[in-house]
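Commentary on secondary and tertiary structure
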Amino acid sequence: MSLVRRAVPGDAEEVLRLRQVMLDSMARGDTSTQWHSESLPGLRARLAEADGSFAAFVVDHPERVGALASLVAGTVDYRIGNARDPYGSAGFVFSVATDPDARRRGYARACMETLLEWFRERGVRRVRLTASAAAEPLYVSMGFEPKPDPLLELRL
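This write-up is about the structure you can find in this document. (Residues numbered from 1 in each chain as written. Predicted model: local features only at pLDDT ≥ 70, side-chain atom pairs only at ≥ 80, totals over all residues. Heavy atoms only, no water.)

1. Focus on the nonpolar core
- By size, the foremost hydrophobic cluster in this structure holds 22 residues, and its most contacted members are V72, V93, V96, M112, L115, W118 and F119.
- At the level of secondary structure, the elements contributing two or more residues to this core comprise β2 (54–60), β3 (68–78), β4 (89–98) and α3 (107–121).
- No other element matches α3, which puts eight residues into this core.
- Dropping the residues within four chain positions of it, V96 is found in contact with M22, L71, V72, A108, M112 and Y139.
- With 17 residues, the next largest nonpolar core counts A12, V15, L40 and F54 among its residues. (Core = buried A, V, L, I, M, F, W, Y, C linked by side-chain atoms within 4.5 Å. Buried < 20%, exposed > 50% of the residue type's maximum accessible area, 1.4 Å probe, protein only. Helix = DSSP H or I, 4+ residues; strand = E, 2+ residues; numbered from the N terminus. Contact = heavy atoms within 4.5 Å.)

Structure, rendered in structure tokens:
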């Protein structure tokens, strides 16, 4: 039996806590959690959509009742098709995080494998993610290939 399960609305606060663990590890300067209260209602609503384009998969913490040990979240986005992918379904992985005291147990890999299966079931042929240097070996071992990043961003 798998340790991985799909996150539900009752997990929302723990999902945000693990997302913060990931953000803090990226050392982007702002470690504020003020945004959690504003994000919580939207996250709960997304977690309640069983057939939506967003999913989060988690492992419960083995030593702390009510806590999560690991999290992986992803979305399926529609892009106009092309010759290699006429259906235009693209997967994006984000918020991969494991509680510091639960690392090196295979939880993130198990969550990733479950998310990748979820993508396959939805016809996704291409999955993208942004990896830290520490996490890149995990993704490469799962078949992800480094690509040049032509990403540009505009904040509105």
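2. Quick word on the pairing of β3
- Most of β3 sits inside the fold, with nine of its eleven residues counted as buried.
- Here β3 pairs with β4 via eight bridges, running antiparallel. Each bridged residue has a counterpart across the sheet, and for D77 the counterpart in β4 is A90. (Pairing = 2+ DSSP bridges.)

3. Some details on α3
- In this model, α3 (15 residues) spans 21 Å end to end at C-alpha, consistent with the 21 Å of a helix rising 1.5 Å per residue.
- Inspection of α3 places Y107, A108, C111, M112, L115, L116, W118 and F119 among the buried residues, and these make up the whole buried set. What you see down the axis of α3 is that its buried residues fit within an arc of 165°, all on one side. Exposed and oriented more than 90 degrees from the buried face of α3 are R120 and E121.
- Residues of α3 that are buried in the fold lie against β1 (4–6), β2, β3, β4, β5 (126–129) and α4 (136–141).
- Of the residues flanking the end of α3, it is G123, one or two places downstream, whose phi is positive at about 80°. (Expected span 1.5 Å × (residues − 1). Arc of directions from axis to C-beta.)

4. Quick notes on the packing of aromatic side chains
- This structure, assessed with the given rule, holds five aromatic pairs.
- Both rings, one in F92 and one in F94, keep their centres 6.2 Å apart while their planes meet at 25°; by these two values the pair is stacked.
- Given a relative accessible area of 33%, F92 falls into the partly exposed group.
- These aromatic residues form a ring-pair network of at least three members: F54, F92 and F94. (Phe/Tyr/Trp six-rings, centres within 6.5 Å; stacked < 30°, edge-to-face > 60°.)

5. Notes on the pattern of salt bridges
- Within the structure shown, the criterion is met by twelve salt bridges.
- One salt bridge in this structure joins D60 and R5, with 2.8 Å as the shortest N-O distance. Taken as a pair, D60 in strand β2 and R5 in strand β1 lie far apart in primary sequence, 55 residues in all.
- In this structure D60 comes out as partly exposed when scored by relative accessible area, which is 37%.
- The exposure class of R5 is partly exposed, given its relative accessible area of 26%.
- Across the pair R79 and D77 runs a salt bridge, and its minimum N-O distance is 4.0 Å.
- Within this structure, E14, R17, R64, D99 and D101 form a network of salt bridges that share partners. (Salt bridge = Lys/Arg side-chain N within 4 Å of Asp/Glu carboxyl O.)

6. A short note on the side chain of D11
- Looking at the secondary structure, you find D11 in the loop between β1 and α1 (12–25).
- Sequence-distant contacts of D11, defined by excluding residues within four places in its chain, comprise R5, R6, V58 and L68.

7. Considerations on the environment of E117
- With respect to the element layout, E117 can be found in helix α3.
- With 47 residues separating them in the primary sequence, E117 and S70 have C-alpha atoms 17 Å apart.

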